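Topology and contacts: notes
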Amino acid sequence: MEIKLRPGDTLWYYSQLFMVPLNLILDSNPHVNPNKLAASETIQIPGFELQVHKIKQGETLWKLAGVRNISVDSILLINQHVNPNNLQVGDEIYIPNRIIGRIVQGKKKYDYHSLQVDLNRLKKIFPFIQVKSIGKSVLGHNIEEIRIGKGTKKVHINASFHANEWITTPILMVFLNDFLLSLTNGTNIHRVHTMPLYQSVDLSIVPMVNPDGVNLVLNGPPEEEKEKLFSINGGSTDFTSWKANIRGVDLNNQFPANWEIEKERKEPKSPAPRDYPGDTPLSEPEAQVMAKLAHKENFDCLIALHTQGKEFYWGYEGLEPAESQTIANEFYRVSGYKAIQNVDSHAGYKDWFIQEFRKPGFTLELGKGINPLPLSQFTEIYHDTSTIFLASLYL
């Protein structure tokens, strides 16, 4: 919510007026010097939207404030052109509307467009987050990264490496939404107070690594790619089981962690709906983007979301640090998901991360069943795995 600064007002006063933590207001206005505020300067207040209200017979700003349990001055502040003693029926004013409910409605088919709509609204309501494109997919869709928090510990979580595992994206986006709401409203998640996590952690989220593949599974092939995709898909028009990117390369078999072993033993040997590791490691732009991000940021902990199995993998070739076991034990305790140290698999993002950085990395297999998992599992999956997301921040 944008407001214009009045002479004599301070950001501390706005924090009290709207009952929003001062640090979130400061972080929402990084280009503003709180010690040299200028009248009419635009200030962002996180956690609110402006609501248009038409004045009815007998209404006053004091009555409107009382009904909504807000301060009269909060209404005056965002209606500085209005004479409160001369309101007319039909006049339009703005009312500050505190956001207490979810913006992200995750229990639906969640494609690239859904992600963009939600990110745009979250950026507007919670301007203390940063959203930027860190690269593009084969078809030119932005691969978005969200950053939240001011701490030194760097945690990364990603979703939808595999197209038919798209449910991981709305699960992660709902967690992001709940985390933001808890910060602006002073509430807890699973009895965990989140402001200390915001202060101590720098959280990186890439909610859709494979946007082309997700769109293919949910919406069918784009017209210009139909002939090629039908051929890769064995002539079938059913793409619901497609895991790969739009070129038929499995992005989670693309990383240089014994990639040659996967290349040798994997079938098929050419582009396919699943499992083909490509002609060379990191041949695909989506994999390149994720490798570049990890090298740039040197994360302290990484979680890659997949489906299914209600389990997670936390080791790779004995290269994982000792603290990985401690974290894995806590993940199991809070979620009930089975902790598995090693599996006979290579070339995954988690595998490469552990090999490259010797930091804790986890592949989390959400839910149980046949991919793509049904939306009927959404609530259960979210309840179980949001505890793991929190634990990754406080450990």
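Just above, that's the structure.
Overview of the structure.

Rules of the game
- Within every chain, residues take consecutive numbers counted from 1 along the sequence as written.
- Local features in this predicted model are restricted to residues whose pLDDT is 70 or higher, and side-chain atom pairs enter the listing and the counts only when it is 80 or higher, whereas totals over whole chains, interfaces and linings include all residues.
- Side-chain descriptors were evaluated using all non-hydrogen atoms of the structure, hydrogens and water having been removed beforehand.
- Each helix corresponds to a stretch of at least 4 residues labelled H or I by DSSP, and each strand to a stretch of at least 2 residues labelled E; elements are numbered beginning at the N terminus.
- As a reference, a globule follows 2.2 Å times the number of residues to the power 0.38, and the radius of gyration itself is taken over C-alpha atoms.
- We call a residue buried when its accessible area falls under 20% of the maximum for its residue type, exposed when it is over 50%, and partly exposed in between, using a 1.4 Å probe and counting protein chains only.
- Put simply, buried Ala, Val, Leu, Ile, Met, Phe, Trp, Tyr and Cys residues joined by side-chain atoms within 4.5 Å make one nonpolar core.
- Contacts: residue pairs with any heavy atoms within 4.5 Å of one another.
- Salt bridges, as used here, are contacts in which a Lys or Arg side-chain nitrogen is within 4 Å of a carboxyl oxygen on Asp or Glu.
- This arc describes the spread of directions from the helix axis toward the C-beta atoms.
- Only strands joined by at least two bridges in the DSSP assignment are considered to pair.
- Throughout, an axis means a line fitted to C-alpha atoms (over the contacting stretch in the case of helices), and angles, computed between N-to-C directions, take values from 0 to 180 degrees.

Our focus in this paragraph is the overall build of the chain. Along the chain, the regular secondary structure elements total 14 helices and 14 strands. Computed over the C-alpha atoms, the radius of gyration of the chain is 24 Å, within 12% of the 21 Å expected from 2.2 N^0.38 for a compact globule of 395 residues. Principal-axis analysis of the C-alpha atoms gives the chain an extent of 80 × 50 × 35 Å. Residues classed as buried in the chain amount to 56% of the 395 residues present.

Okay, the nonpolar core next. Core analysis: the biggest nonpolar cluster contains 87 residues, and Y14 and I148 have the highest contact counts within it. Ranked by residue count, the leading element in this core is helix α6 (residues 168-185), at 10 residues. Those residues in contact with Y14 that sit more than four places away from it in its chain are I3, K4, L5, R6, D9, M19, I25, I43, I45 and L77. Of all hydrophobic cores here, the second largest spans 21 residues; its members include F255, V289, A291 and F299.

Let us look at the pattern of salt bridges. One pass over the structure, following the stated rule, counts 21 salt bridges. With its nearest N and O atoms 2.8 Å apart, the salt bridge here joins K154 to E297. Placement of K154 in strand β7 (residues 153-158) and of E297 in helix α11 (residues 285-297) is noted, with a sequence separation of 143 residues between them. E297 gets classed as buried once you look at its relative accessible area, which sits at 10%. Measuring nitrogen to oxygen at the nearest pair gives 2.9 Å for the salt bridge that ties R247 to E284. Of this pair, R247 sits in the loop between α9 (226-232) and α10 (259-265) while E284 sits in the loop between α10 and α11; the two residues are 37 residues apart in sequence, bridging distant segments of the chain.

For helix α3 (residues 61-68), the full list of buried residues reads L61, L64 and A65. The buried residues of α3 occupy an angular sector of 100° when projected down its axis, which confines them to one face. Along α3, exposed side chains directed more than 90 degrees from the buried face belong to K63, G66 and V67. Those residues of α3 that are buried are in contact with β3 (48-54), α4 (72-77) and β4 (92-98). In the stretch just after α3, N69 is the one whose phi turns positive, near 55°.

The strand order across the open sheet built from 8 strands is β5-β6-β10-β7-β11-β14-β12-β13, with neighbouring strands paired in mixed fashion. If you trace the sheet from one side to the other, it starts and ends with β5 (130-136) and β13 (338-340), each paired once. Averaged over all pairs of adjacent strands, the angle between strand axes in this sheet comes to 20°, irrespective of strand direction. Relative to strand β14 (residues 361-366), strand β11 (residues 301-307) runs parallel, the two being bridged by 6 bridges. Residue pairing across strands places I303 opposite F362, the latter belonging to β14. The strands touched by helix α5 (residues 112-125) within the sheet are β5 and β6 (142-148), with β6 carrying the most contacts at an inclination of about 35°. Relative to β14, helix α12 (residues 323-335) is tilted by about 20°, and along the sheet it contacts β11, β12 (311-313), β13 and β14.

Nothing here speaks to function; it is geometry throughout.
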